[in-house]
Amino acid sequence: MRRSVRALRGLSRAALTPTGPTRDRALAVAERLSALTTLHSSLEYLTQRRQTERGGLNDWSILRDTCQDTGPLLRGLLDLVSEPRATAAVHLGRAALAAALLAPGDGRWRGAAGLCLAVSGALLSPRHVFGAEGSDQVVALVQGATGAAGLVRSDAAKDALVWYVAAQANLAYATSGWVKLLGREWRDGTALSGVLRTRTYGHAGLWARARRHPGAARLLTRSVVALECGFPLLYTCGGRPARPVITAMVLFHSVNAHVMGLPRFLTAFGSMLPLVAYTAVPGSHPVGARRDDRVLPLLVTAAAVTVAGAATTAVRRRLTVLAGAPGSRTLVTGTGNLLRYEHHAEGEPDRPVVVFETGPAAPPEHFSRIVERLRQTSGLGLLGYARAGYDGSSRRAAGPYGLAESVRDLVDLVEAQVTGGRRVILAGHALGGEIVRRAAPLLGDRLEGVVYLDPGHPAGPPRPPRRSRDAGEHVSGLRRMAWFLRLGTGFLLSPPDWIGDLPRAARPRARAQFADSRMWWAAAREWEAAEREFRSGPGELPAAPGRALVVSARRTVDGDPGQPLFHRALVRAHLRGGACVVLEDAGRDDLLTRPAHALDIARLIAAFAAADRSGQPTEGVRT
């Protein structure tokens, strides 16, 4: 018994003794592991050349459109290396350099080879969008650092490069862990079983074992999250946790390589670990005593400045959003919610007022191009607003959210702001179409008609379990997005393409709302309510007053054959009939924002509003 205790003590002492490789040893191991990854990657691409040829998954004649924002010099260089024969030649060269770096020896040529691999990998990355892995980015990072370290003579510069890679490794692992922690399936321990049952990364045998032993699967799932979240703790306690943490991470990547078929991850992420081990050695150790750590305060300062800047930007953005658009006003509805609205145009007194209802995760500026055109040409009244939780509107209603709450808010807004007996046209996009559909009967004779812009529909057939799971994952994704933005990461977001399609004056506010967490919390709340209510909704749509115009996006119709049936059912539900129109080459979002589509919709709305006055049948409205 005593021998067993002594053996355990010796083992734990050996495991927790702070030790690590020298700088030169760490750089050499990192260089060779990254070279092995590159050799594997390039040989794999060379055996799959059909993907890069015309018609293949990575056809450059198509992929080059994703690089439109690059300068002419860089774009010309990308075109040069992306020609199929040139791509193959670059990969052959990369494979030769990687094989040379695996050979023993020393010399400054190794640094030049590493930098060449890093640069060529960056140039090839737009060429291999589909099929690329995170290992490619990690290897480029390591090869850039080890290559530069092989060319410089200063030990302080080499240590600075090593610290840079080590900081990136800590950031990568910790971020991955905290992102997982925000997902419900990782917190409740079911994520591992979910991954193992997939066709791409799954393993039938291990999935069966996870089903038979759910407790062990939950423990393993949560252990992975804890390992990644706590990875930076290897620097605590004089570096004693470094050896067990790094060993556990190597084991983690080894299992992933076997189970998920990701062998490059083992060597790619493994190439960072020797550099992490070197930086984790305490200063009291002979290896650590010779290390130059002057760059560490600079890294900490840069991180602190970044966090402070992100927080300042987030606060400024939130204040901009809450202030609302210039000239906007507020209204407290019967639900207690505070709505911010804007009269875009009063219009002619005898013409109806169009009230715009956005879809989920969309700011009021989504309609700005349509509003701009109607204001110039139609003579209609135009009223826009933000639902509770969006823009400067706030949700103050008690109890759980349901779509009826937004319906009541819309009706209260119309009754309070559309005066003088003027009639109303409701225009709703996506889920906003369901809100205006429910609001239509509550407006009675005041309703002139409803314009549905690529609407969702509650009366379709019951969803299969897979569709329901997808909807649940979508809500979880919206909540994760909201959490990321709450943490101040909005400055990292690239604005989506549709924001660039908006009028210039509308872009700053749309960008501020897109990068603010409030909009994403509201969208998650609405999606969850819609999924719940759509699943239990009636099979037939109730009759609605007025006329209807349904404008569908071609990509929506082509992607879901049930959508045309839903849209025709909407028209039949209205007592005065209506029409269905399909806009070609349009998606759900760019239906409103792309200039050509927005002008078409503005024209359709104006024609729809004028049809009753002229006596023309609504069915005559067509693109």
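Numbering of residues starts from 1 in every chain and runs along the sequence as written. Local features in a predicted model are, by the rule used here, given only for residues with pLDDT of at least 70; side-chain atom pairs are given and counted only at 80 or more, and totals for whole chains, interfaces and linings are based on all residues. Hydrogens and water molecules were not included; the side-chain quantities draw on all heavy atoms of the structure.

## Topic: the overall build of the protein
Point 1. The secondary structure content of the protein amounts to 28 helices and eight strands.
Point 2. When its C-alpha atoms are laid out on the principal axes, the protein stretches across 90 × 60 × 50 Å.
Point 3. Of all 623 residues assigned to the protein, the portion counted as buried reaches 47%.
Point 4. In the protein, the proportion of contacts linking residues at least 24 apart, taken out of those at least 6 apart, comes to 77%.
Point 5. When the accessible surface of the protein is totalled, it reaches about 29900 Å², and 60% of it is carbon and sulfur.
Point 6. In this tally, Lys and Arg are treated as positive and Asp and Glu as negative; His is ignored, and so are the chain termini. In plain terms, the charge of a residue is placed at NZ if it is Lys, CZ if Arg, CG if Asp and CD if Glu. Averaging the coordinates of the 80 positive side-chain charges in the protein and doing the same for the 54 negative ones gives two points 9 Å apart. Comment: elements are numbered from the N terminus, with helices defined as DSSP H or I runs of at least four residues and strands as E runs of at least two. Whether a residue is buried, partly exposed or exposed follows from its accessible area with a 1.4 Å probe, protein chains only, as a fraction of its type maximum: under 20%, in between, or over 50%, in that order. Contacts are residue-level and defined by heavy atoms, with any inter-residue pair within 4.5 Å sufficient. Computed with the Shrake-Rupley method and a 1.4 Å probe, the accessible areas treat only the protein chains shown as cover for residues.

## With respect to the environment of A505
Point 1. Secondary-structure assignment places A505 in the loop between α22 (497-501) and α23 (507-514).
Point 2. Overall, A505 belongs to the exposed group, its relative accessible area being 76%.
Point 3. Residues A505 and S368, spaced 137 residues apart in sequence, show a C-alpha to C-alpha distance of 9.4 Å.

## Here's the deal with the packing of helix α2 (residues 23-46) against helix α7 (residues 134-151)
Point 1. Remark: α2 packs on α7, axes separated minimally by 9 Å, with the N-to-C direction vectors making an angle of 135°. In terms of orientation, α2 and α7 fall into the oblique class. Of the two possible hands of crossing, α2 and α7 adopt the one that is left-handed. Along the contact surface, α2 presents L27, A30, E31, S34, A35, T37, T38, S41 and Y45, while α7 presents D136, V139, V142, Q143, T146 and A149.
Point 2. Charged means Asp, Glu, Lys or Arg here, nonpolar means Ala, Val, Leu, Ile, Met, Phe, Trp, Tyr, Cys or Pro, and polar covers whatever is left, Gly included. Residues of the contact of α2 with α7, tallied by class, amount to seven nonpolar, six polar and two charged. Axis lines are fitted to C-alpha atoms, over the contacting stretch for helices. Their N-to-C directions set the angle, which ranges from 0 to 180 degrees. Throughout, the term roughly parallel applies to angles under 35 degrees, roughly antiparallel to angles over 145, roughly perpendicular to angles from 65 to 115, and oblique to all others. Put simply, a crossing is left-handed when the front helix is turned counterclockwise from the back one by less than a right angle, and right-handed when it is turned clockwise.

## Digging into the pairing of strand β2 (residues 338-345)
Point 1. Each pair of strands is called paired provided DSSP finds at least two bridges between the two strands. In terms of strand pairing, strand β1 (residues 329-332) meets β2 through four bridges, oriented antiparallel. Bridging from a neighbouring strand, L331 pairs with L339 of β2.
Point 2. Remark: five residues form the turn of the hairpin made by β1 and β2, two consecutive strands paired antiparallel; G336 in that turn has positive phi of roughly 95°.
Point 3. As paired elements, β2 and strand β4 (residues 381-386) share five bridges and run antiparallel to each other. Looking at the pairing, H343 lines up with L383 of β4.

## Describing the confidence of the model for the protein
Point 1. Per-residue confidence from the predictor is reported as pLDDT, which spans 0 to 100. Put simply, the protein has an average pLDDT of 87, and 92% of its residues get 70 or more.
Point 2. Across the protein, element-level confidence peaks in strand β3 (residues 353-357) with a mean pLDDT of 97 and bottoms out in helix α1 (residues 2-16) with 47.
Point 3. Confidence drops under a pLDDT of 50 for residues 10-15, and excluding neighbours within four residues, the segment shows four contacts in the predicted structure.
Point 4. Low confidence marks residues 614-623, where pLDDT is under 50. Its contacts with residues over four positions away, or in another chain, come to 23 contacts.

## Notes on the sheet that holds strand β6 (residues 447-453)
Point 1. The sheet built from eight strands is open, its strands ordered β1-β2-β4-β3-β5-β6-β7-β8 with mixed pairing. What marks the edges here is a single partner per strand, and that holds for β1 and β8 (578-583). Mean inter-strand twist for the sheet, computed between neighbouring axes without regard to direction, equals 20°.
Point 2. Sheet topology places β3 next to β4; four bridges connect them, and they run parallel. Each residue of the ladder has a partner; that of V353, found in β4, is G381.
Point 3. Set on the sheet, helix α26 (residues 562-573) makes contact with β6, β7 (547-553) and β8; between it and β7 the angle comes to about 170°.

## Here's the deal with a nonpolar patch on the surface
Point 1. Patch definition: residues with relative accessible area over 30% and no salt bridge; like charges joined within 9 Å; nonpolar side chains (Val, Leu, Ile, Met, Phe, Trp, Tyr) joined within 5 Å. Note on definitions: salt bridges are taken to be side-chain nitrogens of Lys or Arg within 4 Å of carboxyl oxygens of Asp or Glu. Among the surface-exposed residues, L57, V129 and F130 lie close enough to one another that they form a single nonpolar patch of about 270 Å² accessible area.
Point 2. Relative to the helices and strands, L57 is located in the loop between α2 and α3 (60-63).

## Here we look at the pattern of salt bridges
Charged atoms that come close allow side chains of opposite charge to pair.
Point 1. Applying the stated criterion to the full structure yields 34 salt bridges.
Point 2. Residues E365 and R509 are paired through a salt bridge, measuring 3.5 Å at the closest nitrogen-oxygen approach. Placement of E365 in the loop between β3 and α18 (368-377) and of R509 in helix α23 is noted, with a sequence separation of 144 residues between them. The pair E365 / R509 is uniform in exposure class, with both members buried.
Point 3. Notably, a salt bridge pairs D590 with R555, separated by 3.3 Å at the nearest N-O pair. Of this pair, D590 sits in helix α27 (residues 590-593) while R555 is found in helix α25 (residues 554-559), placing the two residues 35 residues apart along the sequence.

## Digging into the nonpolar core
Point 1. In these notes, a set of buried Ala, Val, Leu, Ile, Met, Phe, Trp, Tyr and Cys residues joined through side-chain atoms within 4.5 Å is what counts as a nonpolar core. One finds F231, L234, M249, M272, L275 and V276 to be the most contacted residues of the largest nonpolar core, which totals 35 residues.
Point 2. Counting residues per element, the ones that place at least two in this core are α2, α7, α8 (155-182), α12 (214-229), α13 (242-259), α14 (263-270) and α15 (273-280).
Point 3. Among the elements that line this core, the one with the most residues is α15, at six residues.
Point 4. Leave out the neighbours within four places in its chain, and V276 touches A166, A169, F231, L234, Y235 and I246.

## A word on the packing of aromatic side chains
Point 1. Each Phe, Tyr or Trp ring (for Trp, its six-membered ring) is paired with any other whose centre lies within 6.5 Å, and the angle between the two planes then decides the class: stacked below 30 degrees, edge-to-face above 60, tilted in between. This model, assessed by the stated rule, comprises eight aromatic pairs.
Point 2. Seen from their ring centres, F356 and F367 are 4.9 Å apart, and the 40° between their planes marks the pair as tilted. Here F356 is found in strand β3, whereas its partner F367 is found in the loop between β3 and α18, with 11 residues between them in sequence. Summarising the burial analysis for this pair, F356 and F367 share the class buried.
Point 3. Aromatic pair W498 and F514: ring centres 6.4 Å apart, planes at 80°, arrangement edge-to-face. A residue pair is termed long-range when its members are at least 10 positions apart, and W498 in helix α22 and F514 in helix α23 qualify at 16 residues.
Point 4. Each residue in the set Y173, F231, F265 and F269 is aromatic and connected to the rest through ring pairs, giving one cluster.
Point 5. Lying across the ring of W186, K180 places its NZ or CZ 5.2 Å from the centre.
Point 6. Above the face of the W483 ring, R486 is positioned so that its terminal group lies 5.2 Å from the ring centre. When the NZ atom of lysine or the CZ atom of arginine is within 6 Å of a ring's centre and also within 35 degrees of its normal, the charge is said to sit over that ring.

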